Amino acid sequence: MITATRFALGAYVPARTLPWPDYSRLFVVGDELGWSIDDDRRRLVARAQRLGYDVAPGRWARFARRQGVFLPNHFDALHERWLSSSHRLGLSYFHGRPGTAGYPEFDRAYETLRAHASRVDRVQVTHAELEELVIAAGVDPAKVFRIPIGIDLERFPFGDAAARSASRAALGVPESAFVIGSFQKDGVGFAAGLEPKLVKGPDVLVDVIARLRAEIPELFVLLTGPARSYGRKELELLHVPPRHLQVADRADLGGVYHSLDVYLVTSRQEGGPKAVLESMATGVPLVTTRVGQAPELVSDRENGLLADVDDADALTAAMRSVYADSQLRERLRAAGRTTAEAYDEVRLDGRWAELFEGFVDRAD
């Protein structure tokens, strides 16, 4: 009989190895930081259960042998704990281009992948650049699956004029303001974030808003997410004090999007970002750099506006277009929602079923 031990976090875990048949259980292991990676974990657990797999608590993985373990964060997956385990190992490789100045962890992770390419059983990538990078590291192309980050349309409903007014009233956002949204974590760590995480482009975000400040009356910036103090401080110096909402869970973001006039992505590297489809789903015009899966989802001036990385001039011009052209805004809203619907979570289940095939067995 299996006994259990109670850990401080409150989860019961087995006191000895679990006697499950080989590769009959899937473990999805997050980072327990409560933001994007844990959101990926929750969504993947729900997806695997929809597809008919037995999903066990991630904390139990060390008490089992020869099962399937998937980590949505390759930085966590490429550690000795998992590389030396008996489990089949799957991971998401979202971003982290080797050779990026100031990010030695990108080089370490990629070198570890190269050294253990045959040990990795499945890799999810979201766009072509990362697919090529992972295969170049030596991972068998048959084990690499390009699956975009999808969108839960129930959590991110399309917003109309009434939803916009209700959201602004609830958040204390002026009804007449032109509201720019940025909900991506762009500071180092999970504390205040005074040091900018430059791959997310917070310096470019501030530059673009500085250029717009004199042109757009009642310019208002709405931030969410952890580690946003760098951007807050810089915007306050521009006399554009942002509103920073502390949102406990990404599931609560849908209604926050409804208060926006435009969403701005200024990143230099991304796996998604999730905000691309989130803004499209909620009817918020999108302006983004060509990063991550954005170039594969966005057709310029049809369902969003694209600019090259670090091109503050083009980003500023795109923001001016959204502000000045109501017909463009409505076209972006309608076409963006259509794009989001094509990438609904459930519509991507078939791609994930292909990844799981041969990685873990379906439940009887």
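Residues numbered from 1 in each chain as written. Predicted model: local features only at pLDDT ≥ 70, side-chain atom pairs only at ≥ 80, totals over all residues. Heavy atoms only, no water.

*Asks:* Break down unusual backbone geometry for me, citing the residues and quoting the values.
*Replies:* A cis amide bond links Gly272 to the next residue, Pro273, at an omega of -5 degrees. Residue position: Pro273 is located in the loop between β12 (262–265) and α10 (274–282). Located in the positive-phi region is Arg66, a residue other than glycine, with phi close to 55 degrees. Counting through the fold element by element, Arg66 comes out in the loop between β4 (55–56) and β5 (68–71). On the accessibility criterion, Arg66 (35% relative accessible area) is partly exposed. (Helix = DSSP H or I, 4+ residues; strand = E, 2+ residues; numbered from the N terminus. Buried < 20%, exposed > 50% of the residue type's maximum accessible area, 1.4 Å probe, protein only.)

*Asks:* If you had to explain the sheet that holds strand β14 (residues 305–307) to someone new, which residues and values would you point to?
*Replies:* Ordered in space as β11-β10-β9-β12-β13-β14, the 6 strands form an open sheet in which the pairing is parallel. The strands lining the two open edges of the sheet, one partner per strand, are β11 (243–245) and β14. Averaged over all neighbouring strand pairs, the angle between strand axes comes to 20 degrees, with direction disregarded. Sheet topology places strand β13 (residues 286–289) next to β14; 3 bridges connect them, and they run parallel. Counted as the bridge partner of Thr289 is Ala307 from β14. (Pairing = 2+ DSSP bridges. Axes fitted to C-alpha atoms, helices over the stretch in contact; angles between N-to-C directions.)

*Asks:* How would you summarise the pattern of salt bridges if you had to cite specific residues and measurements?
*Replies:* This model, assessed by the stated rule, comprises 31 salt bridges. Between Glu129 and Arg97 there is a salt bridge, with the nearest N and O atoms lying 2.6 Å from each other. Here Glu129, found in helix α5 (residues 128–136), pairs with Arg97, found in the loop between β6 (88–92) and α4 (104–115); they are 32 residues apart in sequence, far enough to count as distant. Residue Glu129 is classed as partly exposed on the basis of its relative accessible area, which comes to 36%. Residue classification places Arg97 among the partly exposed residues on the basis of a relative accessible area of 35%. Between Lys200 and Glu270 there is a salt bridge whose closest N-O contact spans 3.0 Å. Of this pair, Lys200 sits in the loop between β9 (178–182) and α7 (202–212) while Glu270 sits in the loop between β12 and α10; the two residues are 70 residues apart in sequence, bridging distant segments of the chain. Both residues of the pair, Lys200 and Glu270, belong to the buried class. Linked through salt bridges whose partners overlap, the residues forming this network are Asp39, Asp40, Arg42, Arg43, Arg47, Arg50, Arg155, Lys274, Glu345 and Asp349. (Salt bridge = Lys/Arg side-chain N within 4 Å of Asp/Glu carboxyl O.)

*Asks:* Summarise the packing of aromatic side chains; cite the residues concerned and give the values.
*Replies:* Under the defined criterion, the tally for this structure stands at 12 aromatic pairs. Arranged with centres 5.8 Å apart and planes meeting at 40 degrees, the rings of Trp352 and Phe356 form a pair that is tilted. Of the two residues, Trp352 and Phe356 both sit in helix α14 (residues 349–356), 4 residues apart, roughly one turn of that helix. Both residues of the pair, Trp352 and Phe356, count as buried. Taken together, the ring pairs connect Tyr53, Phe70, Trp352 and Phe356 into an aromatic cluster. (Phe/Tyr/Trp six-rings, centres within 6.5 Å; stacked < 30°, edge-to-face > 60°.)

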